[in-house]
Amino acid sequence: MLADGRGVSASFLPNGNVRQAPVIPQILPSNKIISDEVYQYFDVIINSWILTLISALGIVTNSLNVLVFIKQGFRDSINVSLMAITLWDFLRCLVGFLHRMYVPISLVSTVFATTWKNATFPYASYTPIFAGYVSYALTTYVSIERCLCVSRPFTVKLLFTPLFTFAMVTTISAVVFGSYAVMYFIYDVAFVFNARLNDTTAVYQYNSFYYKNQNLVMVYYKYVGILLPFGSFFILCVSSATTVYFLKKSSTFLKQEKRDLNVSMTSTKRASGISQREKQVVKMLLVVILVSIGTLLPRLVFYIAQLLEPELYLLRRYNNEFYVVAMWLFALDFVNASINLFIFLAMSSNYKSTFSSIFHHRDKKPRTILL
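Residues numbered from 1 in each chain as written. Predicted model: local features only at pLDDT ≥ 70, side-chain atom pairs only at ≥ 80, totals over all residues. Heavy atoms only, no water.

**Quick look at the packing of helix α2 (residues 77-99) against helix α7 (residues 162-179)**
Cut-off, in case you're wondering: Note on geometry: axes are lines fitted to C-alpha atoms, helical ones only across the stretch in contact, with angles between N-to-C directions running from 0 to 180 degrees. Helix and strand definitions here come from DSSP, where helices need a minimum of 4 consecutive H or I residues and strands a minimum of 2 consecutive E residues; each element is numbered from the N-terminal end. Relative orientations are named as follows: roughly parallel for angles under 35 degrees, roughly antiparallel for angles over 145 degrees, roughly perpendicular for angles from 65 to 115 degrees, and oblique for any other angle. By convention, the crossing between two helices is left-handed when the near helix turns anticlockwise from the far helix through less than a right angle, and right-handed when the turn is clockwise. In this description, contact between two residues means that some pair of their heavy atoms is separated by no more than 4.5 Å. Three categories are distinguished: nonpolar for Ala, Val, Leu, Ile, Met, Phe, Trp, Tyr, Cys and Pro, charged for Asp, Glu, Lys and Arg, and polar for the others, with Gly belonging to the last.
Where α2 meets α7, the closest approach of the two axes is 8 Å, and the angle between their N-to-C directions is 25°. In terms of axis orientation, α2 runs roughly parallel to α7. For α2 against α7, the interelement crossing comes out right-handed. In this structure, α2 uses Ser77, Val80, Ser81, Ala84 and Trp88 to contact α7, whose residues at the interface are Pro162, Thr165, Phe166, Val169, Ser173 and Phe177. Of the residues in the contact of α2 with α7, the class split is seven nonpolar, four polar and no charged.

Spelled out as structure tokens, the structure:
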């Protein structure tokens, strides 16, 4: 069987067996909006180099986040939530980077690099996406928690204990990631003769499970793929807007109370229920939430486009268009998974202090992320 440079099998039977044929029936050249030449350009520049560098950055930044959170401890629930988000961000950057190891491998062996790229694609392409959905869902949980903390501070602080938060982030992670696990079972990897390289390389292709269940699996994946991210997006928007409202309301209340010389600072703090350091944490988390909102929006638009045009998918008529858009979405996802370190350093003095102590060996007692 022949294979093209992207690792797609030339042709295969509905039962999953290989057929000897030099064409790909799923991809129709006459309907291509993006040519193979343009596709290859995007693949080299974005997929091979830019995403490799960003994912490598994400591995470093999330590793540093893990060290800081471990040193600070988990006496506060927010550290538990942020550690969970960090671990999922680390996973999507790590898998994305390992998949793109075909770039340095290609300097030694083009055949092995092609095999590595195609053999890891069915798994490494989905894992960063699904891990990203888990990260967005956990960010949604944090947004709800912070919203309730500023609106009902005394009640919520008793509920959102570190143990409760650990149980919630574990459950959310298992449910969200498990919702997409079926997609790991729709491809097979086979070794075929590659005419371009004049050698045997790996290719990925739909398997018999896909052909038996494609009407059910693909419909399920499309709707789950848009409903869960859309739910996260909607809740993030509502909860962040509500949080901003209560923060402004609290600030207005404090200003009014401070004008009254008969009201002590202690009674003011009790009346508002929110300390200044808690407000700063909420503001920092709002930045994290806004970054997630900005990353989710283009992906939701892309998924809606896929619902409207079923052929906008892998190994189908608009295969090249799917790839190019997916590359840009991957870039946004990896940026989102890599920048939290810089947000924490810029907006949390305690995080910055702990971060500095790791490298300067200061003998200071680590504190939680609350300012």
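Further notes follow.
**Concerning the packing of aromatic side chains**
Using the following cut-off: Two aromatic rings from Phe, Tyr or Trp, using only the six-membered ring of Trp, form a pair when their centres are within 6.5 Å; if the ring planes differ by under 30 degrees the pair is stacked, by over 60 it is edge-to-face, and anything between is tilted. Only protein chains enter the calculation, and the probe is 1.4 Å; a residue is then buried if its accessible area is under 20% of its type maximum, exposed if over 50%, and partly exposed in between. As a reminder, the over-ring test applies to NZ of lysine and CZ of arginine, requiring each to be within 6 Å of the ring centre and within 35 degrees of the ring normal.
All chains considered together, the criterion is met by 34 aromatic pairs. With a centroid separation of 5.3 Å and an interplanar angle of 80°, the aromatic rings of tyrosine 210 and tyrosine 211 are classed as edge-to-face. The exposure class of tyrosine 211 is partly exposed, given its relative accessible area of 22%. Summarising the aromatic geometry, the rings of phenylalanine 344 and tyrosine 351 are spaced 5.3 Å apart at their centres and angled 55° between planes, so their arrangement reads as tilted. As far as the burial class goes, phenylalanine 344 and tyrosine 351 line up, both buried. In this structure, arginine 92 is placed above the aromatic ring of tyrosine 136, and the distance from its NZ or CZ to the ring centre is 5.5 Å. Above the face of the phenylalanine 330 ring, arginine 100 is positioned so that its terminal group lies 5.6 Å from the ring centre.

**Details of empty space enclosed by the protein**
Which entries qualify depends on this criterion: The way it works is a 1 Å grid over only the protein atoms, where trapped points that fit a 1.4 Å probe form a cavity and open points with protein on both sides within 12 Å along at least five of seven lines form a pocket, and then any residue with an atom within 4 Å of a point lines it. Grid points are joined across faces, edges and corners, and a volume is the space filled by probe spheres set on the points.
Per the stated rule, a full pass over the model turns up two cavities of 30 Å³ or more. Reported here for the largest cavity is a volume of approximately 480 Å³. Considering the residues around the largest cavity, the lining is formed by 31 residues, among which Phe121, Ile129, Phe322, Ala326 and Phe330 are closest to the centre. Where the lining of the largest cavity is concerned, the elements lending two or more residues are α1 (36-72), α4 (110-124), α5 (127-151), α8 (208-259), α10 (276-308) and α11 (319-338). The element best represented in the lining of the largest cavity is α11, accounting for six residues. When grouped by side-chain class, the residues that make up the lining of the largest cavity number 19 nonpolar, six polar and six charged. Estimated volume of the second largest cavity: approximately 40 Å³. Along its surface, the second largest cavity is lined by Ile85, Asp89, Arg92, Ser135, Thr139, Val288, Ser292, Asn336 and Asn340. Sorting the residues of the lining of the second largest cavity by element identifies α2, α5 and α10 as the ones contributing at least two each. Considering every element that reaches the lining of the second largest cavity, the biggest residue donor is α2, with three residues. Counted by class, the lining of the second largest cavity contains two nonpolar, five polar and two charged residues.

**What to know about α4**
What counts, and what does not: To estimate how far a helix should extend, the number of its residues minus one is multiplied by 1.5 Å.
Helix length check: α4 (15 residues) gives 19 Å between terminal C-alpha atoms against 21 Å at 1.5 Å per residue, within 8%. Burial in α4 covers these residues: Ala113, Thr114, Thr115, Lys117, Asn118, Thr120, Phe121, Pro122 and Ala124.

**Some details on unusual backbone geometry**
Non-glycine residue asparagine 198 carries a positive phi angle of around 55°. Its location among the elements puts asparagine 198 in the loop between β1 (187-194) and β2 (199-206). The class of asparagine 198 is exposed, set by a relative accessible area of 58%.

**Digging into the confidence of the model for the protein**
Here is the rule we go by: Here pLDDT means the predictor's own confidence in every residue, given as a number from 0 to 100.
On average, residues of the protein score 81 in pLDDT, and 80% of them are at 70 or above. For the protein, per-element mean pLDDT is lowest for helix α9 (residues 265-272), which scores 46, and highest for α7, which scores 95. Low pLDDT (under 50) marks residues 1-30, which in the prediction has 79 contacts with non-local residues, meaning those over four places away or in another chain. Confidence drops under a pLDDT of 50 for residues 261-272, and excluding neighbours within four residues, the segment shows 14 contacts in the predicted structure.

**A short note on helix α13 (residues 349-360)**
An α-helical turn contains 3.6 residues, so any two residues separated by three or four positions project in the same direction. Under the 1.5 Å per step criterion, the end-to-end length of α13 is 16 Å for twelve residues, consistent within 8% with the ideal 16 Å. Within the sequence span of α13, burial applies to Asn350, Tyr351, Ser353, Thr354, Phe355, Ser356 and Ser357. Elements in contact with the buried residues of α13: α1 and α12 (340-347).

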